[in-house]
Structure formats: C-alpha cells, structure tokens
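Below are the chains, spelled out letter by letter.
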Amino acid sequence: MRINCLACGHKVDLDDAYDDYEGPVKCFACRAILEIRTEQGSIKAVKQVNSIQHRSAEEVFERVLNPMNATAQGAGTAGPRRIG
Ligand SMILES: [Zn+2]
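Starting from 1, residues in each chain are numbered consecutively following that chain's sequence as written. In keeping with the predicted nature of the model, local features appear solely for residues at pLDDT of at least 70, side-chain atom pairs appear and are counted solely at 80 or more, and the whole-chain, interface and lining totals rest on all residues. Side-chain metrics in this entry use all non-hydrogen atoms of the structure; hydrogen atoms and water are not considered.

**Student:** Where do I start with the coordination of the zinc ion in this structure?
**Tutor:** Around a metal, the perfect tetrahedron of four donors has angles of 109.5 degrees, and the perfect octahedron of six donors has angles of 90 or 180 degrees. Protein coordination of the zinc ion is provided by Cys-5 (SG), Cys-8 (SG), Cys-27 (SG) and Cys-30 (SG), with donor distances spanning 2.3 to 2.4 Å. Counted as donors are N, O and S atoms no farther than 2.8 Å from the metal, or 3.2 Å for Na, K and Ca; water is not among the atoms, and sites may therefore look incomplete. Four donors are marked tetrahedral only if all angles between them lie between 85 and 135 degrees, whereas four are marked square planar and six octahedral if opposite donors are more than 155 degrees apart and the other angles lie between 65 and 115; the remainder are marked irregular. Geometry at the zinc ion is tetrahedral, judged from the 4 donor atoms that bind it and their angles of 107 to 112° at the metal. Each donor residue of the zinc ion belongs to the same chain, and together they define the spacing C-x2-C-x18-C-x2-C. Under the scheme applied here, a residue whose accessible area is under 20% of the maximum for its type counts as buried, over 50% as exposed, and between as partly exposed, the area being computed with a 1.4 Å probe on protein chains only. By relative accessible area, which is 1% here, Cys-27 ends up buried. Judged by relative accessible area, which is 33%, Cys-30 ranks as partly exposed.

Spelled out as structure tokens, the structure:
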C-alpha cells in the first residue's frame, strides 16, 4: 500500500502491518509526519501533522550544540568529566 506524502508528494511505502492502522507515519523523503487511518488495506484518511515532536527534538539538539545554554541552566554540570 502506498500513500502520497502531503508535504512533498513522495509515495510512502507501507507494508501489511499498516493494513489496519491509525496513527503517525513518517515520510522518508522529507520527514514530514502524516497521520493516517487505514482499514483492510485501504486508506481512509491522511492528514499532515504539525511536527511538535520534531521541534522539541531540535531544541534538545540545539542545547547540545551550544554548551553555553547548558552552562547557563546548570552551573557545575558542564565541568570537566572525572575519569576514574
Ligand atoms: Zn514527504
């Protein structure tokens, strides 16, 4: 079964596990989250979800990339790591 990604038009391949499925599916091409509903191998509904999870993941990633932020939030945790 295939669904067209609403964001980029890529045909997302879904295997038999998605014949009766309701929930999010990720487009491999553009990483958009599509919420789909299928019954008995046919698609009932497809809609694009605002990727809140993606945004929060980016925030975490940004915090890792910018140690300044981590230092400001928790003094002492960013010190040199003790080994042994
Ligand atoms: Zn896409």
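Right, picking up where we left off after that structure.
**Student:** Would you explain the sheet that holds strand E5 (residues 42-49) in this entry?
**Tutor:** Within a sheet, adjacent strands bond to each other through the backbone by hydrogen bonds, running parallel or antiparallel. Strand order in the open sheet formed by 3 strands is E3-E4-E5, and the pairing between neighbours is antiparallel. A single partner strand is all that each edge strand has here, and the edge strands are strand E3 (21-26) and E5. Direction aside, the axes of adjacent strands within the sheet are offset by 25° on average. By this definition, two strands are paired if DSSP reports at least two bridges between them. Working definition: helices are DSSP H or I runs of at least four residues, strands are E runs of at least two. Numbering for both runs from the N terminus. Note that strand E4 (residues 33-39) and E5 share 7 bridges and pair antiparallel. The residue of E5 that forms the bridge with Ile-36 is Val-46. Axis lines are fitted through C-alpha atoms, for helices just across the contact stretch, and the angle between N-to-C directions can take any value from 0 to 180 degrees.

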